[in-house]
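# Close look at the chain arrangement
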Amino acid sequence: NEKIQLLRDAIVSYPDFPKPGVIFRDIFGIFRNIVAMRAMKDLIVEHILFLEVDLVVGLDSRGFLLGPIICMELGKPFLPIRKKGKLPGNVVQHAFNLEYGEATFEIQTEYVKKGARTIIIDDLLATGGSMVAAIELLKLSGAEVIECLTIIELSGLKGREKLGIPVHSLVQYD
Ligand code: 5GP
């Protein structure tokens, strides 16, 4: 697929970032290239149109760049999941373990309708830890998570096997 190849060519890989041995896949290469950015939007929108989505939720922080682009096309609302202490109003929380220590996600629960067909979007799926936490948080809020969507998937880490919910990714690396 031509559009997928555009994305692949635009993603820049940085060896040994943020620490030795890690290859960081940087999606901002897509944002610097308007043709690739449009291809990314088209690929996501074409895929989501069939899913009858009520709500798009983006993960802190690159999910915030992706979600609203999609929502403008779908005519559906966007909600952020943020790290603890950043969102005003009634929030639900979910604490989870990271590689080092703990983190807590929050969402403004009053804006999640019961049974809302929800997709979660982020830039990259690695171990799946962030996605699992986001799915839990949305379940606590009464949403029905129908799919997790990422631009990049690090397939070798097998994150998708932890989610129990379909995953759609555009570009995969081992
Ligand atoms: P996970 O929770 O699946 O292990 O990690 C996914 C999260 O870590 C995502 O929110 C993603 O932004 C970030 N992340 C981990 N590795 C990379 C990477 O190589 N590139 C980018 N852009 N984000 C990464």
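Above this note sits the structure.
Residues numbered from 1 in each chain as written. Predicted model: local features only at pLDDT ≥ 70, side-chain atom pairs only at ≥ 80, totals over all residues. Heavy atoms only, no water.

If you check the shell around the ligand, you find 13 residues, and the closest are Arg25, Asp123, Thr127, Gly128 and Ser130. Take glycine 129: an N or O atom from its main chain is 3.4 Å from an oxygen atom of the ligand. Protein contact buries 81% of the 500 Å² of open area that the ligand shows by itself. The set of elements that each furnish at least two residues to the shell around the ligand consists of β2 (23–26), β7 (117–125) and α5 (129–140). It is β7 that provides the largest number of residues to the shell around the ligand, a total of four residues. Of the residues that constitute the shell around the ligand, the class distribution is five nonpolar, four polar and four charged. (Near = heavy atom within 4 Å. Polar contact = N/O pair within 3.5 Å; in protein donor to acceptor, adjacent residues only side chain to side chain. Areas by Shrake-Rupley, 256 points an atom, 1.4 Å probe, with all protein chains shown as cover. Helix = DSSP H or I, 4+ residues; strand = E, 2+ residues; numbered from the N terminus. Nonpolar A, V, L, I, M, F, W, Y, C, P; charged D, E, K, R; others polar.)

Right, let's talk about the packing of aromatic side chains for a bit. Enumeration over the complete set of coordinates arrives at four aromatic pairs. Seen from their ring centres, phenylalanine 28 and phenylalanine 31 are 5.7 Å apart, and the 55° between their planes marks the pair as tilted. One end of the pair is phenylalanine 28 and the other is phenylalanine 31, both in helix α2 (residues 28–31) and three residues apart, which spans about a single turn. Classification of phenylalanine 28 by relative accessible area gives partly exposed; the value is 34%. For phenylalanine 31, a relative accessible area of 22% translates into the label partly exposed. (Phe/Tyr/Trp six-rings, centres within 6.5 Å; stacked < 30°, edge-to-face > 60°. Buried < 20%, exposed > 50% of the residue type's maximum accessible area, 1.4 Å probe, protein only.)

Moving on, we come to the nonpolar core. Grouped together as the largest cluster of nonpolar side chains are 29 residues, with contacts concentrated most on Ile30, Met40, Ile44 and Ile151. Where this core is concerned, the elements lending two or more residues are α1 (2–10), α3 (34–48), α4 (63–74), β7, β8 (144–154) and β9 (167–173). No other element matches the seven residues that α3 contributes to this core. Setting aside anything within four residues of it in sequence, one finds isoleucine 44 in contact with Ile70, Ile121, Leu149, Ile151 and Leu170. Formed by 25 residues, the second largest nonpolar core is a distinct cluster that contains Phe96, Met131, Ala134 and Val167. (Core = buried A, V, L, I, M, F, W, Y, C linked by side-chain atoms within 4.5 Å. Contact = heavy atoms within 4.5 Å.)

Tracing the backbone through its elements, the reader meets leucine 59 in strand β3 (residues 55–59). In this structure the C-alpha to C-alpha distance between leucine 59 and threonine 150, which are 91 residues apart in sequence, comes to 10 Å. Discounting residues that sit within four places of it in the chain, leucine 59 has contacts with Phe64, Ile81, Ile120, Ile121, Asp122, Ser130, Met131 and Ala134.

This next bit is on the sheet that holds β7. Here we have seven strands laid out as an open sheet, ordered β5-β6-β4-β3-β7-β8-β9, and mixed in their pairing. Bordering the open sheet on either side are β5 (91–97) and β9, each of which pairs with just one other strand. The sheet shows a mean angle of 20° between the axes of neighbouring strands, taken without regard to direction. Of the pairings in the sheet, the one linking strand β4 (residues 78–83) to strand β6 (residues 102–108) comprises two bridges and is antiparallel in character. Note that in β6 the partner of lysine 83 across the bridge is phenylalanine 105. Here α3 sits on the sheet in contact with β7, β8 and β9, set at roughly 150° to β8. (Pairing = 2+ DSSP bridges. Axes fitted to C-alpha atoms, helices over the stretch in contact; angles between N-to-C directions.)

So, about the side chain of aspartate 26. In this structure, aspartate 26 sits in strand β2. At 4.6 Å, arginine 32 is the nearest oppositely charged side chain to aspartate 26, a buried residue that forms no salt bridge. In this structure the side chain of aspartate 26 is engaged in a polar contact, spanning 3.2 Å, whose partner is the backbone nitrogen of phenylalanine 28. Non-local contacts of aspartate 26, meaning those with residues more than four positions away in its chain, are made with Ile11, Val12 and Tyr14. (Lys, Arg positive; Asp, Glu negative; His and termini not counted. Salt bridge = Lys/Arg side-chain N within 4 Å of Asp/Glu carboxyl O.)

Bringing the packing of α3 against α4 into the picture now. The interhelical angle for the contact between α3 and α4, taken along N-to-C directions, is 55°, at an axis separation of 10 Å. By the angle between their directions, the pair α3 and α4 is classed as oblique. For the element pair α3 and α4, the recorded crossing hand is right-handed. Here Met40, Lys41, Ile44, Val45 and Ile48 of α3 come into contact with α4, specifically with Leu66, Ile69, Ile70, Glu73 and Leu74. For the contact of α3 with α4, the class distribution of residues is eight nonpolar, no polar and two charged. (Parallel < 35°, antiparallel > 145°, perpendicular 65-115°, else oblique. Left-handed = near helix turned anticlockwise from the far one by under 90°.)

Distances and angles like these do not, on their own, reveal function.
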